[in-house]
Amino acid sequence: MKKILNPTFLMLMVISFGCAQKQNNTAVKVTKSEDQWKAELSEQSYRILRKGETERPFTGEYDKHFEDGVYRCAGCNQKLFMSENKYDSKCGWPAFDNAVKGSLKFDVDYKIGIPRTEVLCSNCGGHLGHVFNDGPKETTGLRHCINSAALEFEPKENE
Ligand SMILES: [Zn+2]
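Note that the structure is a prediction, hence the values are computed from the model and not measured.

Novice: Help me out: how do you make sense of the packing of aromatic side chains in this one?
Specialist: The geometry of an aromatic ring pair comes down to the distance between the two centres and the angle between the two planes. Taken as a whole and assessed by the stated rule, the structure comprises five aromatic pairs. Look at Y71 and F96: their rings are 5.2 Å apart centre to centre, the planes differ by 70 degrees, and that puts the pair in the edge-to-face class. Residue Y71 is found in strand β1 (residues 69-73), and its partner F96 is found in strand β4 (residues 95-96); the two are separated by 25 residues along the sequence. Here Y71 and F96 have matching classes, each one buried.

Novice: For this particular structure, what's the right way to read the sheet that holds β4?
Specialist: In any sheet, the strands associate via hydrogen bonds between backbone groups, in a parallel or an antiparallel arrangement. As summarised here, the arrangement of the six strands in space is β3-β4-β8-β7-β6-β5, forming an open sheet in which the pairing is antiparallel. The sheet terminates laterally at β3 (86-87) and β5 (104-109), the two strands that pair on one side only. Pairing between β4 and strand β8 (residues 143-146): two bridges, direction antiparallel. By the bridge assignment for β8, A95 is matched with C145.

Novice: I would appreciate a short explanation of the coordination of the zinc ion in the present structure.
Specialist: Coordination of the zinc ion by the protein involves C73 (SG), C76 (SG), C121 (SG) and C124 (SG), with metal-donor separations of 2.3 to 2.4 Å. Mapped onto the sequence, the donors of the zinc ion take the spacing C-x2-C-x44-C-x2-C. Residue C73 is located in strand β1, and its partner C124 is located in the loop between β6 (116-121) and β7 (127-132); the two are separated by 51 residues in the primary sequence. For the residue pair C73 and C124, the accessibility class agrees, reading buried in each case.

Novice: I keep staring at the sheet that holds strand β2 (residues 79-82) and nothing clicks. Help me out?
Specialist: Read from one edge to the other, the open sheet built from three strands follows the order β2-β1-β9, with strand pairing classed as antiparallel. For this open sheet the edge positions go to β2 and β9 (151-155), each flanked by a neighbour on one side alone. Strand-to-strand twist across the sheet, computed as the mean angle between neighbouring axes with direction ignored, equals 30 degrees. For β1 and β9, the ladder comprises five bridges, and the chain directions are antiparallel. Each bridged residue has a counterpart across the sheet, and for G69 the counterpart in β9 is P155.

Novice: Explain the pattern of salt bridges to me, please; I cannot follow it from the model alone.
Specialist: Opposite charge on two side chains permits pairing when their charged atoms draw close. Counted according to the given criterion, the structure contains 10 salt bridges. Note that D109 is salt-bridged to R116, the shortest N-O span being 3.6 Å. In this structure, D109 and R116 share a single accessibility class: buried. A salt bridge links R143 to D134; its shortest N-O distance comes to 2.7 Å. Given a relative accessible area of 13%, R143 falls into the buried group. Salt bridges linked by common partners bring D63, K64, D88 and K90 together as one network.

Novice: It is not clear to me how the side chain of E55 should be interpreted in this structure. Could you clarify?
Specialist: Checked against the element boundaries, E55 lands in the loop between α3 (43-49) and β1. One buried charge, E55, has no salt-bridge partner; the nearest side chain with opposite charge is R47, at 9.0 Å. A distance of 2.6 Å separates the side chain of E55 from the backbone nitrogen of S148, its partner in a polar contact. Filtering out sequence-adjacent residues up to four positions away, E55 remains in contact with Q44, I48, G60, W93, P94, I146, N147, S148 and A149.

Reading guide: rules and limits
- Residues numbered from 1 in each chain as written.
- Predicted model: local features only at pLDDT ≥ 70, side-chain atom pairs only at ≥ 80, totals over all residues.
- Heavy atoms only, no water.
- Phe/Tyr/Trp six-rings, centres within 6.5 Å; stacked < 30°, edge-to-face > 60°.
- Helix = DSSP H or I, 4+ residues; strand = E, 2+ residues; numbered from the N terminus.
- Buried < 20%, exposed > 50% of the residue type's maximum accessible area, 1.4 Å probe, protein only.
- Pairing = 2+ DSSP bridges.
- Donors = N, O, S within 2.8 Å, 3.2 Å for Na, K, Ca; no water.
- Axes fitted to C-alpha atoms, helices over the stretch in contact; angles between N-to-C directions.
- Salt bridge = Lys/Arg side-chain N within 4 Å of Asp/Glu carboxyl O.
- Lys, Arg positive; Asp, Glu negative; His and termini not counted.
- Polar contact = N/O pair within 3.5 Å; in protein donor to acceptor, adjacent residues only side chain to side chain.
- Contact = heavy atoms within 4.5 Å.

Such coordinate-based values are descriptive only and should not be taken to indicate function.
What follows is the structure, given as structure tokens:
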């Protein structure tokens, strides 16, 4: 009897299907039109999350905010950072040494001429800020420098 599919071809099919699935898993889940985002977000949150802008240092609502709770994405409500990972970096923006697992995506940003690692929400692709290697050495060594207007704080008792 004539072979219809040879095993190598089948293997390749399985491998390429596996890769396609992997790509789908890293794609953002929440997608909205620019008009929808504009209608739902405050003007400042829209400029930061959707246009990649940065709020002025020392002006953000959560810069000097150290209550217990969780910081969610202002665009899609995904849990991003826990208050126990927030620390006072004195850089002018909220800083976290770690994030909720799987909540972030990373990209390279050349906006100021030098490459920086951009931090995005993994669920809606919103721009949150950048991550640097000058964080607390005793924990992760990372400083996630995040715009307050990209976040929504939820106090612990409401969780
Ligand atoms: Zn989001």
